[in-house]
Amino acid sequence: MSVPAWGGLFYVKNALTHETYFLYQAVDLKPKHYFCFLKTVEFTTDESALHFEKKQQKFLRGVESMKIYKKIMNALAAVEKIVLVISTLLILVLTVGNVFSRKVIHRSWSFTEELVVAVFVLITLLAAALACREGELVSLTLVTDRLPKKLKKPSVILITVLSIIFSVILFKYGMDKVITQLQNGKRTFVLNWPEWIFWSFVPIGSVCMVLHFIEYCVDECAKTNAAEKNDMKKEDK
């Protein structure tokens, strides 16, 4: 019995019956979430075995693409977390410093209001985007929790589509304001900074929300598919 192996796909050939058994196993779709698929297929001709091998190559390419996609999304989430930490610290320093200056030195930092309000917008949108990634946004699950298993995935897809539509509208509104501010050359009253810088936080946050909505939908669909396959295996047993 020969066992040539490559990638995540391998096959076992019976030297007596000349039957080929193909098996494949994969893949880490999300950190700490592993979905393994094991399938055995019997072939009596080389043509059918070759056809199966091509299908598995396509499957493994999809797996590699998913792993690359997850790495990109993890990197994006890491950047968002760093920005959130820096922004929160900035607001803390400005707010406490302004109170201290007003009470002790009797001078107010007039620029803090403009900066704090703008940074709060960025924090709100980026935090919402990270919450989208884990499905932790505030939601009413009274209906979805009562749905049968077959409707779980369609409901997730529908919610994702509606959420993306909202994010796209928010992105369009933000971009319209950015373009308008660029054309007008309007600047803030105290800092005298271009106002489009602050308004750009809205489309940036909207894009992050769209990406994480899609990521959550893909993860949930993968979990649902894995659960369905496990149920089918249990029923076969």
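Source: prediction; values computed, not measured.

## A look at the overall build of the chain
Here is step 1: Tallying secondary structure elements over the chain gives five helices and six strands in all.
Here is step 2: Secondary structure elements of the chain, listed N to C terminal, follow the sequence β-β-β-β-β-β-α-α-α-α-α.
Here is step 3: Expressed as a percentage of the 237 residues in the chain, the buried residues total 32%.
Here is step 4: In the chain, 58% of the contacts between residues at least 6 apart in sequence involve partners at least 24 apart.
Here is step 5: For the chain, the computed accessible surface area is about 15800 Å², with 67% contributed by carbon and sulfur atoms.

## Topic: unusual backbone geometry
Here is step 1: In this structure, His106 is a non-glycine residue whose phi angle is positive, near 65°.
Here is step 2: Mapped onto the secondary structure, His106 falls in the loop between helix H1 (46-105) and helix H2 (112-134).
Here is step 3: We note that Asn192 has phi near 60°; this positive angle belongs to a residue other than glycine.
Here is step 4: Mapped onto the elements, Asn192 comes out in the loop between helix H3 (152-184) and helix H4 (195-199).
Here is step 5: Here Asn192 falls in the partly exposed class, since its relative accessible area comes to 43%.

## Structural notes on the packing of aromatic side chains
Here is step 1: Counted under the stated rule, the structure contains four aromatic pairs.
Here is step 2: Taking the centre distance of 6.0 Å and the plane angle of 75° together, the rings of Tyr173 and Trp199 count as edge-to-face. One end of the pair, Tyr173, is in helix H3; the other, Trp199, is in helix H4, with 26 residues separating them in the sequence.
Here is step 3: When its relative accessible area of 47% is taken as the criterion, Tyr173 is described as partly exposed.
Here is step 4: For Trp199, a relative accessible area of 25% translates into the label partly exposed.
Here is step 5: With 6.0 Å between their ring centres and 35° between their planes, Trp193 and Phe198 make a pair best called tilted.
Here is step 6: We classify Phe198 as buried; its relative accessible area is 15%.
Here is step 7: Among the aromatic residues, those joined into a ring-pair cluster are Trp193, Phe198 and Phe201.

## Some words on the environment of Leu90
Here is step 1: Locating Leu90 in the fold gives a position in helix H1.
Here is step 2: According to the relative accessible area criterion, Leu90 is partly exposed, its value standing at 35%.
Here is step 3: Residues Leu90 and Leu115, spaced 25 residues apart in sequence, show a C-alpha to C-alpha distance of 9.4 Å.

## Quick look at H2
Here is step 1: Helix length check: H2, at 23 residues, gives a terminal C-alpha distance of 33 Å against a target of 33 Å (1.5 Å per residue), a fit within 8%.
Here is step 2: The first or second residue beyond H2 is Gly135, which carries a positive phi of 70°.

## What to know about H3
Here is step 1: For H3, built from 33 residues, the straight-helix expectation of 48 Å at 1.5 Å per residue is met to within 8% by its first-to-last C-alpha distance of 48 Å.
Here is step 2: Burial in H3 covers these residues: Ser155, Val156, Thr160, Ser163, Ser167, Gly174, Val178 and Gln181.
Here is step 3: Two residues or fewer past H3, Gly185 is found with a positive phi of approximately 65°.

## Quick look at the side chain of Gln181
Here is step 1: Counting through the fold element by element, Gln181 comes out in helix H3.
Here is step 2: You can call Gln181 buried: its relative accessible area is 6%.
Here is step 3: Apart from the residues lying within four places of it in its own chain, the contact partners of Gln181 are Lys186, Glu195, Trp196 and Trp199.

## Focus on the confidence of the model for the chain
Here is step 1: For the chain, the average pLDDT comes to 76, and 68% of its residues sit at 70 or higher.
Here is step 2: Ranking the elements of the chain by mean pLDDT puts strand S5 (residues 33-34) last, at 36, and H3 first, at 91.
Here is step 3: Here residues 1-45 is modelled with pLDDT under 50, and outside its nearest four sequence neighbours on either side it reaches 97 contacts, counting other chains as well.

## A word on the side chain of Thr112
Here is step 1: Mapped onto the secondary structure, Thr112 falls in helix H2.
Here is step 2: Accessibility expressed as a relative area gives 7% for Thr112, which makes it buried.
Here is step 3: There is a polar contact of 3.4 Å between the side chain of Thr112 and the side chain of Asn98.
Here is step 4: Those residues in contact with Thr112, other than ones at most four positions away along the chain, are Leu94 and Asn98.

How each quantity is defined
Residues numbered from 1 in each chain as written. Predicted model: local features only at pLDDT ≥ 70, side-chain atom pairs only at ≥ 80, totals over all residues. Heavy atoms only, no water. Helix = DSSP H or I, 4+ residues; strand = E, 2+ residues; numbered from the N terminus. Buried < 20%, exposed > 50% of the residue type's maximum accessible area, 1.4 Å probe, protein only. Contact = heavy atoms within 4.5 Å. Areas by Shrake-Rupley, 256 points an atom, 1.4 Å probe, with all protein chains shown as cover. Phe/Tyr/Trp six-rings, centres within 6.5 Å; stacked < 30°, edge-to-face > 60°. Expected span 1.5 Å × (residues − 1). pLDDT = per-residue confidence, 0-100. Polar contact = N/O pair within 3.5 Å; in protein donor to acceptor, adjacent residues only side chain to side chain.

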